[in-house]
Amino acid sequence: MSAWIVRRLAAAIAIVLAAVTLTFFLLHLAGGSPCGQRDVQSVAPEVCARLRAQFGLDRPIWEQYGKYLWAVLHGDLGQSFWQRRPVIAALGDAMPNTLVLAGTALLIDFTLGLALGVYQAARARRFGDIALGNAALFVNSMPTFWLGLVLLLVFGQWLHLVPVGGTHDPVLCARLDSLHCVGDRLWHLALPALTLGLVGAAATARYQRAAMLEVIAQDFVRTARAKGLRERRVLLVHALRNALLPSITLFGLAFPFLVTGAVLVEWVFAWPGMGWLAVMAIGQRDYPVVTATALVASGMVTVGNLLADVVYAAADPRIRVRGA
Amino acid sequence: MTAGTWLALAGALVLAFALAAETRRAAAGPAGRRFFRHPTAAPGLVVLAFFVTLALAAPLIAPYPSYLQLDPVHLANQPPSGRFLLGTDPLSRDVWSRLVYGARFSLGIGSLAMLVAVSVGAAVGAVAGYFRRWVDALLMRLVDVGLAIPRVFVLLVVVALWDRVSLPVLVLLIGLTGWFGTSRLVRAEVLSLREREFVVAARALGGGSARVILRHVLPNAAAPIIVSAALGIGSVMLLEAGLSFLGIGVPSPKPSWGNMIADGQDRLAAAPWTSLFPGLAISLVVMALNAVGDALRDALDPHKEAA
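Predicted model only: the values in this text are computed from it and were never measured.

## Topic: the overall build of chain A
Inference 1: Within chain A, the regular secondary structure consists of 13 helices and two strands.
Inference 2: When the 324 residues of chain A are sorted by exposure, 42% land in the buried category.
Inference 3: Residue pairs at least 24 apart in sequence account for 71% of intrachain contacts in chain A once pairs closer than 6 positions are excluded.
Inference 4: Carbon together with sulfur atoms contributes 66% to the accessible area of chain A, which is approximately 17,100 Å² in total.

See the structure below:
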């Protein structure tokens with residue numbers, strides 16, 4: 001088991017290293033130089049040479065790469081042109097917002113998805129199952145940001161139930177200091193989290209339904225029924241426990257979806273997380289921030305997958321035997 | 001909407017149904033029966049045929065040019081009516097006309113990018129599965145990395161570094177960041193195919209690696225490739241819509257369903273139709289693609305039952 005985890009950990013580190021390498025070479029290929037764009041010749045050659053020496057751009061590429069790697073390992077992701085502060089500080093402000101949004105969405109995704117999947121399996125091929133199944137297919141086909149806009153239109157603009165953007169009320173709750181403001185933040189979180197969670201739940205429900213149907217057909221379920229257990233107990237205790245396993249795999253798959261979906265949902269709801277930061281930074285030509293968000297996003301997905309693998313191995317001993 | 005455009009629209013609808021019916025008649029074999037056994041397969045085909053017809057016959061069906069700002073003072077944000085089927089956007093452009101022309105960009109980019117992704121994925125998967133050993137190990141580690149880096153962020157980085165990307169570059173970018181899943185699928189298929197007698201025989205007869213892969217292995221791995229392409233176009237279209245929505249995909253004023261949604265975002269409460277209809281079009285097409293893809297999987301790959 002421990003050897004298996006070490007191997008997985010090594011693979012995860014290798015993936016993050018590869019992501020760092022990729023961003024370095026993309027930066028290098030784009031050929032930004034302190035003398036301006038490639039075809040602009042407004043800077044004197046000697047000034048240009050001095051600037052290149054100052055930023056280490058005259059060194060061989062492998063040396064520049066080593067320096068970059070070293071800096072990234074020490075948490076130095078460069079300076080943000082636009083915010084005039086270290087990139088890591090800008091990310092530090094944005095990351096908690098993304099984590100809160102993605103975490104809540106994940107919660108909605110799995111509670112709703114599992115509940116719907118179990119309900120659909122219990123009423124398989126009847127009206128409720130078919131209606132929910134088609135609804136889930138439709139939600140799954142929507143652009144996430146468009147669903148966000150529709151929810152915003154209905155609940156924010158027409159019904160005035162929720163605020164239309166941001167993380168908190170800037171006048172009343174500049175800082176998180178009272179119970180009222182916790183409520184205010186939750187209120188702002190509701191719609192973006194629901195948007196992301198609903199799209200995820202549509203997929204989760206589909207998988208959970210299939211997993212439940214597979215388990216329900218097995219002998220031990222018939223035994224449980226034959227013992228005279230109530231259907232509720234058979235489904236929720238005996239069948240569900242065994243049908244949860246595939247959902248853990250889904251849990252790992254959910255991370256790329258959440259990180260990607262968060263970019264667009266954050267943009268729609270002006271939610272200042274990493275995706276919002278990245279898109280804003282593009283408008284400001286602030287590429288150190290954009291590359292840093294890409295790195296952090298890859299790191300988050302990798303860690304998420306690692307977590308899912310470990311949870312899966314903990315839940316299913318067969319994986320450990322095969323993997324070790 | 002003039003009488004001519006109404007007629008063309010009706011014609012497109014009739015054509016879509018006719019095409020679906022004709023396909024059903026032509027596909028009478030067991031695979032065709034498995035395909036149409038799916039309750040959503042036939043409606044999916046109709047929807048796809050309809051939107052493809054819209055894209056191809058756009059000049060006949062769209063009442064106005066997609067760029068035309070009719071009258072920014074008096075005709076902006078008009079609700080849907082007989083004259084403007086789906087209303088007008090904040091710049092007084094006809095939403096229906098833009099939706100029709102936008103089908104060209106959204107469907108075109110989606111299918112071309114998927115073509116790139118499937119070609120690269122099939123090539124890499126076939127090479128990895130056929131040669132195994134270090135080639136396989138190297139390529140599959142590359143795929144692991146590709147799957148771990150979220151595509152949207154790669155595309156954001158590229159757009160941030162190279163100002164504007166042109167449409168062909170956009171297609172290439174989406175395609176080249178989307179082949180990882182396909183290559184894994186193809187590799188698994190090739191791993192089992194390469195041990196089969198006919199492949200061993202082809203090798204024994206002196207067939208070179210390239211010839212064996214192209215003539216004997218890949219054609220027999222066609223089913224999973226086609227299915228993954230059909231199921232993948234939907235996600236590519238969603239990606240393109242997202243990028244265009246963020247203003248880094250198809251550049252305005254070219255209409256794509258994604259940037260049309262962005263056009264209406266600021267006037268969402270006053271003129272919701274500008275954002276609602278393009279989003280509905282994307283949802284419908286992606287849903288149809290998923291339905292057809294699911295049915296194709298059952299038709300071509302009878303071992304794998306649909307979930």
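Here the narrative resumes, following the displayed structure.
## Structural notes on the overall build of chain B
Inference 1: A count of helices and strands for chain B gives 14 helices and zero strands.
Inference 2: Along the chain direction, N to C, the helices and strands of chain B fall in the order α-α-α-α-α-α-α-α-α-α-α-α-α-α.
Inference 3: Counting only C-alpha atoms, chain B reaches 75 × 50 × 30 Å along its principal axes.
Inference 4: For chain B, the residues scored as buried account for 53% of the 307 residues in total.

## Considering the packing of aromatic side chains
Inference 1: For the structure on display, the rule yields ten aromatic pairs over all chains.
Inference 2: An aromatic cluster is built from A:Phe24, A:Phe25, A:Tyr65 and A:Tyr68, whose rings are joined through pairwise contacts.
Inference 3: B:Arg194 extends its terminal NZ or CZ atom over the ring of B:Tyr130, reaching a point 5.6 Å from the ring centre.

## Details of the interface of chain A and chain B
Inference 1: Each side of the interface is counted separately: chain A has 44 residues, and chain B has 37 residues.
Inference 2: Buried area between chain A and chain B, both sides added, is near 3,800 Å², and the carbon and sulfur share of it is 79%.
Inference 3: Along the contact surface separating chain A from chain B lie one salt bridge.
Inference 4: With a shortest N-O distance of 3.0 Å, B:Asp294 and A:Arg206 are connected by a salt bridge.
Inference 5: Inspection of the region where chain A meets chain B yields four residue pairs in polar contact (both at pLDDT 80 or more).
Inference 6: The element contributing the most residues to the side of chain A that touches chain B is helix 12 (residues 287-315) of chain A, with nine residues.
Inference 7: Per-class residue counts for the side of chain A that touches chain B are 34 nonpolar, eight polar and two charged.

## Digging into the nonpolar core
Inference 1: Of all hydrophobic cores here, the largest spans 163 residues; its most connected members are B:Ile61, B:Trp96, B:Phe153, B:Leu156 and B:Trp257.
Inference 2: The leading source of residues in this core is helix 5 (residues 95-131) of chain B, at 18 residues.
Inference 3: For B:Ile61, the residues in contact, after removing those within four places along its chain, are B:Thr5, B:Ala8, B:Leu9, B:Ala12, B:Thr53, B:Leu54, B:Trp96 and B:Val100.
Inference 4: Of all hydrophobic cores here, the second largest spans 13 residues; its members include A:Ala211, A:Ile216, A:Leu235 and A:Ala239.

## Description of the pattern of salt bridges
Residue and element names in this part refer to chain B.
Inference 1: Following the criterion strictly, the structure yields 15 salt bridges over all chains and no others.
Inference 2: The residue Arg 98 makes a salt bridge to Asp 263 at a minimum N-O spacing of 3.6 Å. On the criterion of sequence distance, the pair formed by Arg 98 in helix 5 and Asp 263 in helix 13 (residues 257-265) is long-range, its members being 165 residues apart.
Inference 3: Take Asp 263: its relative accessible area is 23%, and that puts it in the partly exposed class.

## Section: the side chain of B:Asn259
Residue and element names in this part refer to chain B.
Inference 1: Relative to the assigned elements, Asn 259 resides in helix 13.
Inference 2: Overall, Asn 259 belongs to the buried group, its relative accessible area being 4%.
Inference 3: At 3.0 Å, the side chain of Asn 259 forms a polar contact with the backbone oxygen of Val 250.
Inference 4: One polar contact links the side chain of Asn 259 to the main-chain amide nitrogen of Ser 256, over a distance of 3.1 Å.
Inference 5: In contact with Asn 259, not counting residues within four places along its chain, are Arg 98, Ser 244, Phe 245, Val 250, Pro 251, Ser 252 and Lys 254.

## A word on helix 1 (residues 3-26) of chain B
Inference 1: Helix length check: helix 1 of chain B, at 24 residues, gives a terminal C-alpha distance of 34 Å against a target of 34 Å (1.5 Å per residue), a fit within 8%.
Inference 2: B:Thr5, B:Ala8, B:Leu9, B:Ala12, B:Ala16 and B:Ala20 are the residues of helix 1 of chain B that are buried.

## Concerning the confidence of the model for chain B
Inference 1: When pLDDT is averaged across chain B, the result is 84; 98% of the residues are at 70 or more.
Inference 2: The complex model carries a pTM of 0.87, and its ipTM stands at 0.87.

## Details of unusual backbone geometry
Both trends apply: most residues other than glycine have a negative phi, and most peptide bonds are in trans.
Inference 1: Phi at A:Arg125 is positive, roughly 65°, even though this residue is not glycine.
Inference 2: Mapping A:Arg125 onto the fold places it in the loop between helix 4 (87-122) and helix 5 (127-141).
Inference 3: Here A:Arg125 falls in the exposed class, since its relative accessible area comes to 64%.
Inference 4: Phi at B:Arg132 is positive, roughly 50°, even though this residue is not glycine.
Inference 5: The residue B:Arg132 is located in the loop between helix 5 and helix 6 (133-148) in this model.
Inference 6: Classification of B:Arg132 as partly exposed rests on a relative accessible area of 35%.

## Remarks on a nonpolar patch on the surface
Inference 1: On the surface, A:Leu9, A:Ile13 and A:Leu17 cluster together to form a nonpolar patch covering roughly 260 Å² of accessible area.
Inference 2: Here A:Leu9 lies in helix 1 (residues 2-30).

## Let's talk about helix 9 (residues 231-243) of chain A
Inference 1: Turning to helix 9 of chain A, its buried residues are A:Val234, A:Leu235, A:Ala239, A:Leu240 and A:Ala243. An end-on view of helix 9 of chain A places all buried positions within 145° of arc, on one side of the element.

## Details of the environment of B:Phe50
Residue and element names in this part refer to chain B.
Inference 1: Mapped onto the secondary structure, Phe 50 falls in helix 3 (residues 41-56).
Inference 2: Between the C-alpha atoms of Phe 50 and Ala 16, which are 34 residues apart in sequence, the distance is 4.8 Å.
Inference 3: The contacts of Phe 50, once residues within four sequence positions are left out, are Leu 9, Ala 12, Leu 13 and Ala 16.

## Here we look at the packing of helix 6 (residues 144-158) of chain A against helix 14 (residues 273-300) of chain B
Inference 1: Packing of helix 6 of chain A against helix 14 of chain B brings their axes to within 10 Å, and their N-to-C directions diverge by 140°. One finds that helix 6 of chain A runs oblique with respect to helix 14 of chain B. Of the two elements, helix 6 of chain A crosses helix 14 of chain B, and the hand of that crossing is left-handed. Contact with helix 6 of chain A, carried on its side by A:Trp146, A:Leu149, A:Val150 and A:Leu153, involves B:Ser275, B:Leu276, B:Gly279, B:Leu280 and B:Ser283 of helix 14 of chain B and no other residues of that element.

How each quantity is defined
Residues numbered from 1 in each chain as written. Chains lettered and ligands numbered in written order. Predicted model: local features only at pLDDT ≥ 70, side-chain atom pairs only at ≥ 80, totals over all residues. Heavy atoms only, no water. Helix = DSSP H or I, 4+ residues; strand = E, 2+ residues; numbered from the N terminus. Buried < 20%, exposed > 50% of the residue type's maximum accessible area, 1.4 Å probe, protein only. Contact = heavy atoms within 4.5 Å. Areas by Shrake-Rupley, 256 points an atom, 1.4 Å probe, with all protein chains shown as cover. Phe/Tyr/Trp six-rings, centres within 6.5 Å; stacked < 30°, edge-to-face > 60°. Lys NZ or Arg CZ within 6 Å of the ring centre and 35° of its normal. Buried area = accessible area lost by both parts, 1.4 Å probe. Salt bridge = Lys/Arg side-chain N within 4 Å of Asp/Glu carboxyl O. Polar contact = N/O pair within 3.5 Å; in protein donor to acceptor, adjacent residues only side chain to side chain. Nonpolar A, V, L, I, M, F, W, Y, C, P; charged D, E, K, R; others polar. Core = buried A, V, L, I, M, F, W, Y, C linked by side-chain atoms within 4.5 Å. Expected span 1.5 Å × (residues − 1). pLDDT = per-residue confidence, 0-100. Patch = residues over 30% accessible without salt bridge, like charges linked within 9 Å, V, L, I, M, F, W, Y side chains within 5 Å. Arc of directions from axis to C-beta. Axes fitted to C-alpha atoms, helices over the stretch in contact; angles between N-to-C directions. Parallel < 35°, antiparallel > 145°, perpendicular 65-115°, else oblique. Left-handed = near helix turned anticlockwise from the far one by under 90°.

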